[in-house]
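# Geometric and topological summary
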Amino acid sequence: MTDRPNYITPTGYAALKAEYDALFGDERPRLVETIAWAAGNGDRSENGDYIYGRKRLREIDRRLGWLSRRMKAAKVIDPAQQPDRSRIWFGASVEIADEDDNRRTLTLVGDDEADAGRGRIGWNAPLSRALRGAATGDLRKVALPAGEREYEVMAISYPEKG
């Protein structure tokens, strides 16, 4: 693990917890039952239910361990409670424009809840790091795999309180 805090929104934390609960409380017990049934059928070396079940159980246990560590390290931050709404901080929705005036809206969220296709970028992504602390009208350069780009912050918004 890194020494960086694992910032996450309340919604993102709830999603991690829901996945953990579903795996631990539902899928894993059913799988253990199937493995026990398959083990009772005799020769385990050619028993597909047993072999697949053990493999899937290892995957579930590995995922449960990862989820547990991420939830333990999580620092839940509600973007609606952000005191300085004039600058870009965790949870901000930001409209940016590049040199060609191509505009897009991004939301800075926890790394575990990032989804670039939906405009949600992780807090530690290069673009997110470049935008941190910027105000409307600021220009920020960011090194991307395709080369360095400059973006102008057009608008900043946060979820409403309450």
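Residues numbered from 1 in each chain as written. Predicted model: local features only at pLDDT ≥ 70, side-chain atom pairs only at ≥ 80, totals over all residues. Heavy atoms only, no water.

## A look at the overall build of the protein
The line we're drawing: Helix and strand definitions here come from DSSP, where helices need a minimum of 4 consecutive H or I residues and strands a minimum of 2 consecutive E residues; each element is numbered from the N-terminal end. Only protein chains enter the area calculation, which uses a 1.4 Å probe; residues under 20% of their type maximum are buried, those over 50% are exposed, and those in between are partly exposed. Here, two residues are considered to be in contact whenever any of their heavy atoms come within 4.5 Å of each other. All accessible areas in this document rest on Shrake-Rupley with a 1.4 Å probe, and a residue is counted as covered only by the protein chains that are shown. Neither His nor the chain ends is counted toward charge; the positive residues are Lys and Arg and the negative residues Asp and Glu. By convention, charge coordinates are those of NZ in Lys, CZ in Arg, CG in Asp, or CD in Glu.
Helix and strand counts for the protein come out as 3 helices and 7 strands. Walking the protein from its N terminus toward its C terminus, one meets helices and strands in the order β-α-α-β-β-β-β-α-β-β. For the protein, the C-alpha atoms occupy an extent of roughly 70 × 40 × 25 Å along the three principal directions. Evaluated residue by residue, the protein yields a buried proportion of 33% over its 162 residues. Across the protein, every contact between residues at least 6 apart in sequence was considered, and the portion connecting residues at least 24 apart equals 53%. Total accessible area computed for the protein in this model is approximately 9800 Å², and 49% of it derives from carbon and sulfur atoms. For the protein, the distance from the average site of its 27 positive side-chain charges to the average site of its 27 negative ones is 5 Å.

## A few points about the sheet that holds strand β6 (residues 139-144)
What counts is decided by this rule: Pairing between strands requires that DSSP locate at least two bridges from one strand to the other. Lines fitted to C-alpha atoms define the axes here, with helix axes fitted over just the stretch in contact, and angles between the N-to-C directions of these axes take values from 0 to 180 degrees.
Ordered in space as β5-β4-β3-β7-β6, the 5 strands form an open sheet in which the pairing is mixed. The sheet terminates laterally at β5 (120-122) and β6, the two strands that pair on one side only. Averaged over all pairs of adjacent strands, the angle between strand axes in this sheet comes to 45 degrees, irrespective of strand direction. Sheet topology places strand β3 (residues 93-97) next to strand β4 (residues 103-109); 5 bridges connect them, and they run antiparallel. Among the inter-strand pairings, Ala97 is bridged to a residue of β4, identified as Arg103.

## Considering the pattern of salt bridges
Heads up, the condition is: For salt bridges, the criterion is a side-chain nitrogen of Lys or Arg within 4 Å of an Asp or Glu carboxyl oxygen.
Per the counting criterion, the structure on display carries 14 salt bridges. Of the charged contacts in the structure, one is a salt bridge between Glu59 and Lys55, with a shortest N-O distance of 3.3 Å. Of this pair, Glu59 and Lys55 both sit in helix α2 (residues 48-73), 4 residues apart, which is roughly one turn of that helix. Note on Lys55: relative accessible area 46%, which makes it partly exposed. Arg70 is the partner of Asp112 in a salt bridge, and the nearest nitrogen-oxygen pair spans 2.9 Å.

## Quick look at the packing of aromatic side chains
We count it as follows: Working definition: rings of Phe, Tyr and Trp (its six-membered ring) pair if their centres are within 6.5 Å, and the pair is stacked with planes under 30 degrees apart, edge-to-face with planes over 60 apart, and tilted otherwise. We count a charge as sitting over a ring when the NZ of a lysine or the CZ of an arginine lies within 6 Å of the ring centre and within 35 degrees of the ring normal.
Summed over the entire model, instances satisfying the criterion amount to 4 aromatic pairs. For the pair Tyr7 and Phe90, a centre-to-centre distance of 5.9 Å together with 50 degrees between the ring planes defines the contact as tilted. Of the two residues, Tyr7 is situated in strand β1 (residues 6-8) and Phe90 in the loop between β2 (74-76) and β3; the sequence distance between them amounts to 83 residues. Phe90 gets classed as buried once you look at its relative accessible area, which sits at 4%. Its guanidinium or amino end placed over the ring of Trp123, Arg132 lies 4.1 Å from that ring's centre, counting from NZ or CZ.

## Here's the deal with the side chain of Gln82
Tracing the backbone through its elements, the reader meets Gln82 in the loop between β2 and β3. For Gln82, a relative accessible area of 14% translates into the label buried. Discounting chain neighbours no more than four positions away, the residues touching Gln82 are Trp89, Phe90 and Tyr158.

## Considerations on the pairing of β6
When β6 meets strand β7 (residues 147-157), the two strands line up antiparallel, connected through 6 bridges. The residue bridging Leu144 from the neighbouring strand is Gly147, located in β7. A loop of 2 residues connects β6 with β7, the two strands running antiparallel in sequence.

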